[in-house]
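Remarks on the overall topology
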Amino acid sequence: QGTEAKIYLKDNWITKDRISKSYRHPELDKQIRKRRTKSEAKLLTKASQIINSPVPFFIPDGSYQIKMPFIQGKKLSQYLDKFPIKKQKEIMKQVGQSIAKLHNEDIIHGDLTTSNMIYTPSIKRGDESKDKVFLIDFGLGFISRKIEDKAVDLHLFKQALEAKHFKNYEILLKKFFKHYKKEN
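Presented here is a report on the structure given in the accompanying data block. (Residues numbered from 1 in each chain as written. Predicted model: local features only at pLDDT ≥ 70, side-chain atom pairs only at ≥ 80, totals over all residues. Heavy atoms only, no water.)

1. Regarding the pattern of salt bridges
Working definition: two side chains of opposite charge can pair if their charged atoms are close together. Just so we agree on the cut-off: By definition, a salt bridge exists where a carboxyl oxygen of Asp or Glu is found within 4 Å of a side-chain nitrogen of Lys or Arg. Strands here mean DSSP runs of E at least two residues long; helices mean DSSP runs of H or I at least four residues long; both are numbered from the N terminus. Between buried and exposed lies partly exposed: a residue is buried under 20% and exposed over 50% of the maximum accessible area for its type, with that area taken using a 1.4 Å probe on protein chains only.
In the structure shown here, the tally under the stated rule is 12 salt bridges. The salt bridge partner of Glu 4 is Arg 18, with a shortest N-O separation of 3.7 Å. Residue Glu 4 is located in the segment before β1 (5–10), and its partner Arg 18 is located in strand β2 (residues 13–18); the two are separated by 14 residues in the primary sequence. Residue classification places Glu 4 among the partly exposed positions, given a relative accessible area of 23%. Taking the shortest distance from any N to any O, the salt bridge between Glu 27 and Lys 30 comes out at 3.8 Å.

If you want it as structure tokens, here you go:
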């Protein structure tokens, strides 16, 4: 459970259920939860057409829930530091490209940390790796053309990387920005 929602896993499906806040007026709470659920579902749908991100499957009209496929993988925040530096740099390349693609489409993630990234390893074929990084949890996301909003996304990622992955922080950030700039 997070501050905004409870997450359930059943039959390889994730249900994100936006929870009520007792400190808000009940009618206002319903409106906020519906609007945020609808907004997140739209962002997820748009993002999944651009990058690796879960595709919402079922969102009942007026609901507080989003149903999406479970992504089998490792939370990047817990595993990034355990990989060899070469693998960490490959992952940062993919993350930089993905964030640039989102920003090119004016999608702001809003909570850009390695806790909201799932790494899915796959079998390596020759020199080509099919590993994927999925971005999840667009609950604080929004659409914006403002450079400042994109910069805040990047600043948050920089801070999260420095705090959680400080051992190789500078190397990883450099790799991230190199590939972000190539795409953006």
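Here the narrative resumes, following the displayed structure.
2. Some remarks on the sheet that holds β2
Inclusion rule: When DSSP locates at least two bridges between a pair of strands, those strands are taken to pair. Angles here are taken between N-to-C directions and fall from 0 to 180 degrees, while the axes themselves are lines fitted to C-alpha atoms, restricted in helices to the stretch in contact. For this analysis, residues touch if any pair of their heavy atoms sits within 4.5 Å.
Strand order in the open sheet formed by three strands is β1-β2-β3, and the pairing between neighbours is antiparallel. Pairing within the sheet leaves two strands with one partner each, and these edge strands are β1 and β3 (65–69). Shown here is a sheet whose adjacent strand axes are inclined to one another by a mean of 20 degrees, direction ignored. In the packing of helix α1 (residues 26–48) onto the sheet, contacts are made with β2 and β3, and the angle to β3 comes to roughly 25 degrees.

3. Overview of the packing of aromatic side chains
The cut-off we apply is this: Aromatic rings from Phe, Tyr and Trp, with only the six-membered ring used for Trp, were paired whenever their centres fell within 6.5 Å, and each pair was classed as stacked if the ring planes differed by under 30 degrees, edge-to-face if by over 60, and tilted otherwise. Two conditions define a charge located above a ring, namely a distance within 6 Å from the ring centre to NZ of Lys or CZ of Arg, and an angle within 35 degrees of the ring normal.
As enumerated under the stated definition, the model contains six aromatic pairs in all. Seen in terms of ring centroids, Trp 13 and Phe 57 are 4.7 Å apart; in terms of plane orientation they differ by 40 degrees. Their pairing is tilted. Residue Trp 13 is found in strand β2, and its partner Phe 57 is found in the loop between α1 and β3; the two are separated by 44 residues along the sequence. Where Phe 176 meets Phe 177, the ring centres are 5.1 Å apart and the plane angle is 75 degrees; that geometry is what we call edge-to-face. Since its relative accessible area comes to 0%, Phe 176 is described here as buried. Connected via pairs of aromatic rings, a cluster forms that spans Phe 157, Phe 176, Phe 177 and Tyr 180. One Lys or Arg, Lys 82, reaches over the ring of Tyr 79 and ends 4.8 Å from the middle of that ring.

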